[in-house]
Amino acid sequence: MGKGGKKKKAKITGTPDVQRFKQQREFSLLQECVTIQESLPFVAVDALDVMAYKKVARFLNMVGLLAEHLQIHTNKDFRFNYHHRYLAPTPQFFPFGFDVAVIRQAREAQEKPGVKFNDVTHTYTDEIRNAAEAFLKEVDSSMTKIASEIEPRLKNDFQTGLKRFKLELKEDIELFDKMWMDFESKFVKARHDIMCKVFEPIDKLVTVEIALAQAEERRDIETKQRLENEFVAVIEDFTNTMFPDTKAEKFPADVIPLAEACIFYESKCDEQWLHQAKYLINDYMELRIYITKIPEERLNPELKENAQLTRLLKQFHGSVIAARDALDFVSRLPKLIHAKTADWMAKKLLEPDLRYIQKTAALALSEGIH
């Protein structure tokens with residue numbers, strides 16, 4: 001048996017600048033592009049499964065990194081500007097590259113009459129569908145062209161010159177980048193229009209909650225009570241849409257002003273009514289605080305997939321229905337706005353108490369588990 005020896009390292013060929021280039025990451029990206037392209041599907045016509053999308057994503061990632069190396073920087077602010085303010089996840093402030101999700105969405109626009117959210121189908125225009133079809137064909141031809149320009153240069157050690165190769169590659173990727181951004185910018189605007197419809201009930205809630213918080217700050221009690229009623233009406237309508245079985249039981253009028261009245265008239269209410277009113281106020285405040293945070297924490301457009309939102313909606317609905325007798329009783333007493341002169345209920349005032357209740361409840365739950 002012969003002696004085992006170390007395998008000889010392959011000799012790096014080419015001119016000195018080519019030899020140096022072959023030891024850089026950029027060269028590895030070029031090799032990867034050629035390797036992946038050999039098994040790439042045609043995104044315009046082939047059936048694309050999970051593995052196919054992964055291959056396309058990998059190739060697009062390589063092209064994006066090459067664009068960075070070649071210092072191709074185009075304005076991609078539209079990705080941030082047209083990402084809906086309530087849509088999760090939060091968009092990148094400095095996005096680059098080519099996201100395979102655009103391919104997926106273009107296929108969806110081409111193959112389906114529209115996109116469905118919350119059991120409602122939102123249709124794309126003919127212009128978008130035609131643009132999607134043309135875009136997918138261009139992606140196929142561009143990916144083939146980029147890889148076919150790279151492959152022979154790798155084999156002949158860049159005989160036409162490394163500088164010339166980089167200039168030609170830069171031109172190809174710039175054309176690809178322009179084609180991609182032209183379609184994506186058009187598509188994200190159309191997508192944003194759809195998201196505005198999807199998040200319309202959320203936007204109503206956020207807008208009314210902001211106005212309500214401002215009325216509380218100003219101690220404008222008349223406006224506060226009007227906005228409390230508007231907020232509850234929007235919540236009821238939204239809950240009925242999300243959970244149709246809740247339509248059977250309607251909310252009484254003036255839910256929150258009457259709940260506050262229960263606390264004011266506590267000597268006239270029995271213990272159970274007072275207890276129900278406190279639960280109602282707690283659930284109302286918890287829901288408001290959650291809604292305040294939506295622009296920061298974002299939501300899934302399939303609204304039922306947002307577990308905390310659905311829990312709080314159901315919780316508040318249950319509390320209102322449970323407190324109907326208490327609310328009905330105080331509705332026959334003098335109106336709160338004519339009887340109370342100070343210490344009006346406000347989110348800012350009750351938020352610390354709510355945080356304390358949540359903290360102690362969490363601790364009690366934790367101790368119960370252990």
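Residues numbered from 1 in each chain as written. Predicted model: local features only at pLDDT ≥ 70, side-chain atom pairs only at ≥ 80, totals over all residues. Heavy atoms only, no water.

Asks: Honestly, the pairing of strand E1 (residues 114-117) in this entry has me stumped. Any pointers?
Replies: Within a regular strand, the side chains alternate between the two sheet faces. As judged from the 4 bridges shared by E1 and strand E2 (residues 120-123), these two strands associate in the antiparallel manner. Directly across from Val115, in E2, lies its bridge partner His122. Hairpin remark: E1 followed by E2, antiparallel, with 2 residues in the connecting loop; positive phi at Asn118, about 55°. (Pairing = 2+ DSSP bridges. Helix = DSSP H or I, 4+ residues; strand = E, 2+ residues; numbered from the N terminus.)

Asks: Sorry, what's going on with the packing of aromatic side chains here?
Replies: Working definition: an aromatic ring pair is given by the centre-to-centre distance plus the angle between the planes. Enumeration over the complete set of coordinates arrives at 17 aromatic pairs. Seen from their ring centres, Phe27 and Phe158 are 6.5 Å apart, and the 65° between their planes marks the pair as edge-to-face. Placement of the pair is Phe27 in helix H2 (residues 25-37) and Phe158 in the loop between helix H6 (126-155) and helix H7 (162-198), with a sequence separation of 131 residues. In this structure Phe27 comes out as buried when scored by relative accessible area, which is 8%. Centre to centre, the rings of Phe135 and Phe183 are 4.3 Å apart; their planes meet at 15°, and the pair counts as stacked. Here Phe183 lies in helix H7 and Phe135 lies in helix H6, a separation of 48 residues in the sequence. Taken together, the ring pairs in this structure connect Phe98, Tyr124, Phe135, Phe176, Trp180, Phe183 and Phe187 into an aromatic cluster. Directly above the aromatic system of Tyr53 lies the positively charged group of Arg104, at a separation of 4.1 Å from the ring centroid. (Phe/Tyr/Trp six-rings, centres within 6.5 Å; stacked < 30°, edge-to-face > 60°. Buried < 20%, exposed > 50% of the residue type's maximum accessible area, 1.4 Å probe, protein only. Lys NZ or Arg CZ within 6 Å of the ring centre and 35° of its normal.)

Asks: How do you make sense of the pattern of salt bridges when you look at a structure like this?
Replies: Any two side chains of opposite charge can pair, given that their charged atoms come close. If you walk through the whole model with that rule in mind, you get 27 salt bridges. One salt bridge connects Arg107 with Glu111, and the closest N-O pair in it is separated by 2.6 Å. Placement of both Arg107 and Glu111 in helix H5 (residues 100-111) is noted, with a separation of 4 residues, approximately one turn of the helix. Look at Arg107 and you get buried, because its relative accessible area is 8%. Between Arg218 and Asp220 there is a salt bridge whose closest N-O contact spans 3.5 Å. One connected set of salt bridges, linked through shared partners, spans Glu209, Glu216, Arg288 and Lys347. (Salt bridge = Lys/Arg side-chain N within 4 Å of Asp/Glu carboxyl O.)

Asks: Sorry, what's going on with the side chain of Thr310 here?
Replies: Note that Thr310 resides in helix H12 (residues 307-322). Given the relative accessible area of 11%, Thr310 is considered buried. Not counting the four nearest positions on each side in its chain, Thr310 is found in contact with Met242, Phe243, Leu303 and Lys304. (Contact = heavy atoms within 4.5 Å.)

Asks: Help me understand the state of the cysteines, please; the structure alone is not making it clear to me.
Replies: Note on terminology: a disulfide is the covalent bond linking the sulfur atoms of two cysteines. This model, assessed by the stated rule, comprises 0 disulfides. With no disulfide partner, Cys269 has as its closest neighbouring cysteine sulfur the one in Cys262, 4.5 Å distant. (Disulfide = S-S within 2.5 Å.)

Asks: Is there a simple way to think about the packing of helix H10 (residues 255-264) against helix H11 (residues 271-297) in this case?
Replies: For any two helices packed against each other, the geometry is given by the interaxial angle and the distance between the axes. Contact pair H10 / H11: the axes reach a minimum separation of 9 Å and the direction vectors enclose 130°. On the basis of their axis angle, the class for H10 and H11 is oblique. In this structure, H10 crosses over H11, and the sense of that crossing is left-handed. Two secondary-structure elements touch here, H10 through Val255, Ile256, Ala259, Glu260, Cys262 and Ile263 and H11 through Leu274, Ala277, Lys278, Leu280, Ile281 and Tyr284. When the residues that make up the contact of H10 with H11 are grouped by side-chain class, the tally is 10 nonpolar, no polar and 2 charged. (Axes fitted to C-alpha atoms, helices over the stretch in contact; angles between N-to-C directions. Parallel < 35°, antiparallel > 145°, perpendicular 65-115°, else oblique. Left-handed = near helix turned anticlockwise from the far one by under 90°. Nonpolar A, V, L, I, M, F, W, Y, C, P; charged D, E, K, R; others polar.)

Limitation: the analysis is restricted to geometry and does not speak to function.
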